[in-house]
Every structure is written in C-alpha cells, then in structure tokens.
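Here is how the chains run, residue by residue.
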Amino acid sequence: MKLIWMSDLHFEAEGLVLGHDPRKRLQAAVDFVAEHHAEAAACLITGDLVETGTVNNYNALQEFLNELPMPVLPLTGNHDDRTALREVLPLPEGAMAGFVQYRADFGDLAVLCLDTLVPGEGAGVLCPDRMGWLQAELEALGGRPAIAAMHHPPMKLGLPMLDPDNLQNGEDLLELLAGYPNVLHLLAGHVHRPCSGTVRGIPFTTAKSVLYQAPPPRPAWDWDSFQPAAEAPALTVLEYGRNGLTLQQCQFCDYARGGPAA
Ligand SMILES: [Fe+2]
C-alpha cells in the first residue's frame, strides 16, 4: 500500500511567496505523482496548505489537487484557516466536528491525522478535546498499526529558530503515543526541513516543503537574515507492507522551477 506525503504547499492563487511560485511548484509535484505514483491510495498533506487562509485560495488550490489521481487527506498548519479549509476541502467521514482531525484506514494501517492549529499563533497545541479523541482512537485500534500525522513537530529538532514554534504540549502527545507500540511512525511538517530520528522510541520524519526550504542550523541564521535555502523541494512516498514501512524522499523538480530565478 502506497501513500504520497506532501507538506507546506503555502499555496496562493496569485503572486509569489518568498520569491517562489507556489503554483509552479505544486503543479510539478502533481505532475510527478500522476506520472510515477498514480496507484497511491491517498495524498496526505501535513498543513500550511495555503499561505493565507481564504476561501478563494482553497478553491484555487483544490483545482490543482483535483488533478491528483487519488484522494487528498488535508491537515491544518499555522497558515491555514480551519473554517475556510473545511468549507472547501472534503474530509473523511467521522472527522471531529469543528476540527480537521480524523482517522483514515488503508487495509490494516490507520493514519491518525491531528489538528494542531491555534488560530493566530505560529506554534501549535493539541487541546484536551483533540487529545481525548486521539486516545479513544488509539484504544479503538486494538493494536492495529498506525501512523500519526500532524503539522507541528512534538519534539525539538536542533533548529534554534524553529524549535520554539513546535507543538507546545508535545511532551503530552509523546507520552500518550509512547504507550502504544503499534504507532509505527510520526510525520510532521512546519519546519520545511528533512529530519528523521526517534523520540520516546517512536520513529519520526519531518518533510521538506513543496514550496521553499528552511536553511540548516549552521551557518547560524535568524529571522532578520532568513533566506530560503537554495534547495530543491521534495515530496515523500510511503510504502507499507508485510515487513513494515518505507519512506522515500523524492525530488519532483529542480530548484529553478518555481524558484526565485524563475
Ligand atoms: Fe510552512
């Protein structure tokens, strides 16, 4: 079973974002998936679907996403507007009322999509309602394998400018997840950098952005000197089978396409 994972599209119906063209970059990603991975069961997008959370932007985004041969599993990031997103993009049945939080099943694998958005804040939180929903879902799985997907990483990644804006109650989430050894992997966006490791024994991966990348921590940078890294974007292909889970990061276009020089 194959899933596509994209993150941080920062889509805008018009104009550039930090010198990058979100429509060119997303079109390249969609074309790559349609050509090489059309049989994937779904495309998970871990938040920051749009740069500015307007219904107009979500409508324009949906026209691009409609070209994907598989359904989309959208999540909220700090740039998203929960209400506008829900107005435009369909969510799987059984989604929590008022949130973009739900479970999607692919055979025996469950993907738990978490809504970490706090409107108006860069950092994220999983409130008691959303945490309670997650605990109930984990119990209901009865040991079936699961992936937890969210925008804000619940752990520090050694990225001094980005770590302060991660999931503020990440420790609580990790404490909960660590009690369920059937949680195979944790996926997060937000940092626009490819990081992987383990936390509390849980393997994790963070995604490159479909649009622009954050620089590595060295050479040191701050928000005054911030410039997107001159790195090509990527998406990830997840394959789940008898022997476990594989994540392949795939570059879907070169740096120039949609980049500042384009
Ligand atoms: Fe982002």
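Throughout what follows, the structure given in this document is the object of discussion. Residue positions are given per chain, counting from 1 as you read along its sequence in written order. Local features in a predicted model are, by the rule used here, given only for residues with pLDDT of at least 70; side-chain atom pairs are given and counted only at 80 or more, and totals for whole chains, interfaces and linings are based on all residues. The basis for the side-chain values is all heavy atoms of the structure; hydrogens and waters are excluded.

A separate point is the overall build of the protein chain. Only runs of H or I of at least four residues qualify as helices and only runs of E of at least two qualify as strands under DSSP, and these elements are numbered from the N terminus. The number of helices and strands found in the protein chain is five helices and eleven strands. Relative to its length of 262 residues, the protein chain is compact, with a C-alpha radius of gyration of 17 Å against a globular reference of 18 Å. Seen through its C-alpha atoms, the protein chain measures out along the principal axes to roughly 50 × 40 × 35 Å. Considering the protein chain as a whole, with its 262 residues, one finds that 57% of them fall into the buried category. Any two residues having at least one pair of non-hydrogen atoms within 4.5 Å are treated as being in contact. Expressed as a percentage of contacts within the protein chain between residues at least 6 apart in sequence, the contacts between residues at least 24 apart total 69%. Accessible surface computed for the protein chain: about 10,800 Å², of which carbon and sulfur atoms make up 49%. Each charge class in the protein chain can be summarised by its mean position, and for the 16 positive and 32 negative side chains these summaries are 5 Å apart. For the radius of gyration, the atoms used are the C-alpha atoms, and the globule rule reads 2.2 Å times the number of residues raised to 0.38. Buried residues are those whose accessible area, probed at 1.4 Å on protein chains only, stays under 20% of the maximum for their type, while exposed residues exceed 50% and partly exposed ones sit between those limits. Working definition of accessibility: Shrake-Rupley area with a 1.4 Å probe, residue cover restricted to the visible protein chains. Here the positive residues are Lys and Arg and the negative ones are Asp and Glu; neither His nor the chain ends is included. Charged side chains are reduced to one point each, which is NZ for Lys, CZ for Arg, CG for Asp and CD for Glu.

So, on to the coordination of the iron ion. The coordination sphere of the iron ion, as far as protein atoms go, consists of Asp8 (OD), His10 (NE2), Asp48 (OD) and His192 (NE2), spread over 2.1 to 2.3 Å. Classification of the site at the iron ion rests on its four donor atoms, whose angles at the metal span 87 to 177 degrees, yielding the label irregular. Any N, O or S atom lying within 2.8 Å of the metal counts as a donor, with the limit raised to 3.2 Å for Na, K and Ca; because water is left out of the atom set, some sites can appear incomplete. All donors of the iron ion come from a single chain, and their spacing in sequence reads D-x1-H-x37-D-x143-H. Of this pair, His10 sits in the loop between β1 (2–6) and α1 (22–36) while Asp48 sits in the loop between β2 (42–45) and α2 (55–65); the two residues are 38 residues apart in sequence, bridging distant segments of the chain. Grouping residues by exposure puts His10 and Asp48 together as buried. Metal sites are grouped by the angles between bound donors: all angles between 85 and 135 degrees with four donors is tetrahedral, opposite donors over 155 degrees apart with the others between 65 and 115 is square planar for four donors and octahedral for six, and any other pattern is irregular.

What follows deals with the sheet that holds strand β8 (residues 195–199). Whether two strands pair depends on DSSP finding at least two bridges between them. The sheet built from six strands is open, its strands ordered β4-β5-β6-β7-β9-β8 with mixed pairing. Two strands lie at the open edges of the sheet, namely β4 (102–106) and β8, each paired on one side alone. Neighbour-to-neighbour, the strand axes of the sheet open up by a mean angle of 20 degrees, direction not taken into account. Axis geometry follows a simple rule: fit a line to the C-alpha atoms, using only the stretch in contact for helices, then measure angles between N-to-C directions, giving values from 0 to 180 degrees.

A sheet is described by the order of its strands in space; here five strands give the open sequence β3-β2-β1-β10-β11, paired in mixed fashion. In the strand order of this sheet, the two ends are held by β3 (72–74) and β11 (244–250), each with one partner. For this sheet the average axis-to-axis angle between neighbouring strands, irrespective of direction, equals 25 degrees. Judged from the seven bridges that link them, strand β10 (residues 235–241) and β11 form a sheet pairing that is antiparallel. Pairing of Leu238 across the sheet is with Leu247, part of β11. Lying over the sheet, α1 contacts β1, β10 and β11, oriented at roughly 170 degrees with respect to β1.

Attention now goes to the side chain of Glu12. Here Glu12 shows up in the loop between β1 and α1. It turns out Glu12 is buried and unbridged, and the closest side chain with the opposite charge, Arg23, is 6.8 Å from it. Within 3.5 Å is the distance limit for a polar contact, defined as a pair of N or O atoms, with the added protein rule that one can donate a hydrogen and the other accept it, and that residues adjacent in sequence qualify only through two side-chain atoms. At 2.7 Å, the side chain of Glu12 and the side chain of Thr52 are in polar contact. Once you skip the residues sitting within four places of it in the chain, Glu12 turns out to touch Val17, Pro22, Arg23, Glu51, Thr52 and Asn57. Whenever a carboxyl oxygen of Asp or Glu lies within 4 Å of a side-chain nitrogen of Lys or Arg, that contact is scored as a salt bridge.

Moving on to the side chain of His152. Relative to the helices and strands, His152 is located in the loop between β6 (146–150) and α5 (170–178). Polar side-chain contacts of His152 include one of 2.7 Å to the side chain of Thr116. A distance of 3.4 Å separates the side chain of His152 from the backbone nitrogen of Gly124, its partner in a polar contact. Among residues more than four places away in sequence, those in contact with His152 are Asn78, Thr116, Gly122, Ala123, Gly124, Asp165, Asn166, Leu167, Ala188 and His190.

Turning our attention to the environment of Ala230. One can find Ala230 in the loop between β9 (202–206) and β10. A residue is classified by how much of its surface remains accessible, and Ala230, at 63% relative accessible area, is exposed. Between the C-alpha atom of Ala230 and that of Pro215, which follows or precedes it by 15 residues, the distance is 8.2 Å.

What follows deals with α5. Of the positions making up α5, those classed as buried are Gly170, Leu173, Leu174, Leu176 and Leu177. Looking straight down α5, one finds its buried side chains confined to an arc of 160 degrees; they lie on one side. Buried residues along α5 sit against α4 (128–141), β6, β7 (183–188), β8 and β9. Working definition: the arc comes from the directions between the helix axis and the C-beta atoms, pointing outward to the latter.

Nothing here speaks to function; it is geometry throughout.
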